[in-house]
Amino acid sequence: METRKKISLKPFNTFHLDVLTDLFSEIQNLEDLQKVISDPELSSIPKLILGGGSNLLFTNDFHGIVLKNNLKGIQKIKEDDDSVFIQSGSGEAWNDLVMYCIENNYAGIENMSLIPGTVGAAPIQNIGAYGVELKEVFEELEAVHLKTGEVKLFRLADCRFGYRDSIFKNELKNEFMIVKVTLRLSKHPVLNTSYGAIETELKAMGVTDKNIRAISKAVCNIRLSKLPNPDQIGNAGSFFKNPEVSSEKYESLKKDFPELVAHKTQGDKMKLAAGWLIEHCGWKGKQVGNVGMHKSQALVLVNYGHATGDELFAHAKTVQLNVKEKFGVEMEMEVNVI
Ligand code: FAD
Ligand code: EPU
């Protein structure tokens, strides 16, 4: 295992920010990871696990060691009449795992097609899209403690998954490297087309016989039509979470803004469409210097080419404050700011 010094992270983050890391190592197997953990020279320096870099905003150079995850391998570990348990190395691309499941007709993650990044990052924020979240198919994961090297198994309840949230974003932030993830997929697909746009897209595609492959294709088409491609324009997907408010707050906002977009969540709460709030503050498609909120999806902060992390962060703060002033609603950042 080679440790390189003063490496640019530009090819490793989807905002394309040209920041340096003091040290950089690629983790190809568990032995590599244990070597880093037991190296006395590395024990006290900050460690950053890097997957696809699609949910990170670097505001500065990183003074520590970046561990680029290359842990590979997808295998079926058990099955019964209804389910199949698929274990994946955490460095596999999430969408490769989705495609593997679709090829084999294992259902459950087709609605999450084309989410960028690695399998190991999926539990960090409990990724979700088009009506499905990771937690619905999650069985367990294995993680290695970055100080002790201890291997720990986390079951569903241990992960404390919430909307774009888990224990790994809170109490256990930066404590573990997730090395393997096991999902429970279904042999008898129950198709989820509850997200309205999927049905519309399936119709447009002329699909009469719905199956997981068709749903995956529909989701890909929708995503490609509105989310900017990070290869062409730097971004990290939704920059903020959709804020949850009480039903009272929602009713009072609705009086002033009858067009407000929201849907009910658990309990008595309403989840507001942050994209709508940002658009109605006038930020959609507006370029400020090198940055802006995207023209087709106001929730996506973009780098038009030469932005710094500070510039992106400052713009996000301006938009966040403006939404707070206009609607009295706090939007929490979804992206991990480093
Ligand atoms: P990184 O950005 O590399 O890391 C993210 C965080 O997780 C960091 O804090 C990192 O240290 C930590 N981490 C990564 N791997 C590990 C590991 N193995 N062990 C411990 N910690 C780890 N997200 C959604 O939920 N739904 C979407 O629909 C969606 N759409 C997107 C569309 C676009 C165009 C883009 C650019 C992003 C989108 N995202 C979406 C966000 C992003 O794809 C996910 O958050 C993804 O899971 C990040 O994976 P990554 O490997 O790139 O993580
Ligand atoms: N909207 C606007 N203006 C905009 C954008 C959205 O008014 O510029 C309104 C529209 O009414 C639209 C509604 O907001 O119908 C919802 O928009 P969309 O379907 O694009 O979804 P989203 O709530 O903006 C969330 C996730 C995405 C995920 C999609 C699909 C969050 C923070 N974002 O976006 O995840 O792909 O739903 O399920 O929950 C990500 O996390 O990075 C991400 C891209």
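A quick note: this is a predicted structure, and the numbers were derived from the prediction, not measured.

Novice: For this particular structure, what's the right way to read the pattern of salt bridges?
Specialist: Oppositely charged side chains may form a pair once their charged atoms are brought near each other. Using the criterion set out here, one finds 16 salt bridges in the structure. Across the pair glutamate 26 and arginine 4 runs a salt bridge whose closest N-O atoms are separated by 3.8 Å. Within this pair, whereas glutamate 26 is found in strand β2 (residues 20-27), its partner arginine 4 is found in strand β1 (residues 3-8), the two being separated by 22 residues in sequence. Of the residues examined, glutamate 26 reaches a relative accessible area of 25% and is grouped as partly exposed. Across the pair glutamate 334 and arginine 164 runs a salt bridge whose closest N-O atoms are separated by 3.2 Å. One end of the pair, glutamate 334, is in the loop between α8 (309-327) and β20 (336-337); the other, arginine 164, is in the loop between α3 (156-159) and β12 (176-186), with 170 residues separating them in the sequence. Accessibility classification places glutamate 334 together with arginine 164 in one group, the buried group.

Novice: Is there a simple way to think about the pairing of strand β11 (residues 151-155) in this case?
Specialist: The side chains of a regular strand alternate, first on one face of the sheet and then on the other. Where strand β10 (residues 138-145) and β11 come together, 5 bridges link them in antiparallel fashion. Bridged to glutamate 142 within β11 is leucine 153. Counted along the chain from β10 to the antiparallel partner β11, the turn is 5 residues long, and its residue glycine 149 has a positive phi close to 80°.

Novice: Please clarify how the packing of aromatic side chains should be interpreted in this entry.
Specialist: For any two aromatic rings, the description comes down to two numbers: the centre-to-centre distance and the angle of the planes. Taken as a whole and judged by the stated rule, the model has 11 aromatic pairs. Measuring from ring centre to ring centre gives 4.9 Å for phenylalanine 12 and phenylalanine 24, while their planes differ by 35°; the resulting arrangement is tilted. Placement of the pair is phenylalanine 12 in the loop between β1 and β2 and phenylalanine 24 in strand β2, with a sequence separation of 12 residues. Ring geometry for phenylalanine 239 and phenylalanine 240: centres 5.4 Å apart, planes at 75°, overall edge-to-face. The same class applies to phenylalanine 239 and to phenylalanine 240, which are both buried. What links up through ring pairs into an aromatic cluster is the set Phe15, Phe239 and Phe240. The residue whose ring lies beneath lysine 271 is tyrosine 163, and the NZ or CZ to ring-centre distance is 3.3 Å. Directly above the ring of tryptophan 283 sits lysine 286, whose terminal nitrogen or CZ lies 5.0 Å from the centroid.

Novice: Please clarify how the sheet that holds strand β16 (residues 269-272) should be interpreted in this entry.
Specialist: What links the strands of a sheet is backbone hydrogen bonding, and the strands pair in either a parallel or an antiparallel sense. Ordered in space as β14-β16-β15, the 3 strands form an open sheet in which the pairing is antiparallel. Among the strands making up the open sheet, the edge pair consists of β14 (244-246) and β15 (262-264). Going from strand to strand, the sheet's axes swing by 35° on average, the running direction of each strand aside. Two elements, β14 and β16, share 3 bridges in a ladder whose sense is antiparallel. Along β16, the bridge assignment pairs serine 246 with lysine 269. Of the strands in this sheet, β14, β15 and β16 are in contact with helix α6 (residues 247-256), which crosses β14 at around 90°.

Reading the values: the criteria
- Chains are numbered independently. Their residues run from 1 in the order of the written sequence.
- Numbering of ligands from 1 and lettering of chains from A proceed in the order in which they are written.
- With the structure being a predicted model, the display of local features is reserved for residues of pLDDT at least 70 and the display and counting of side-chain atom pairs for 80 or more, all residues being used for whole-chain, interface and lining totals.
- The side-chain values count all of the structure's non-hydrogen atoms but skip hydrogen atoms and water molecules.
- Any Lys or Arg side-chain nitrogen found within 4 Å of a carboxyl oxygen on Asp or Glu counts as a salt bridge.
- Numbered from the N terminus, helices here are DSSP runs of H or I no shorter than four residues, and strands are runs of E no shorter than two.
- Throughout, exposure labels follow a simple rule: accessible area from a 1.4 Å probe, protein chains only, divided by the maximum for the residue type, with under 20% read as buried, over 50% as exposed, and the rest as partly exposed.
- A pair of strands is considered paired only if DSSP assigns at least 2 bridges between the two.
- Stacked, tilted and edge-to-face pairs are distinguished by plane angle, under 30 degrees for stacked and over 60 for edge-to-face with tilted covering the rest, among Phe, Tyr and Trp rings (Trp via its six-membered ring) whose centres lie within 6.5 Å.
- Note on criteria: charge over ring means Lys NZ or Arg CZ within 6 Å of the ring centre, with the direction from the centre no more than 35 degrees off the ring normal.
- Working convention: axes come from line fits to C-alpha atoms, limited for helices to the stretch in contact. Angles between N-to-C directions cover 0 to 180 degrees.
- In what follows, residue pairs with any heavy atoms lying within 4.5 Å of each other are defined as contacts.

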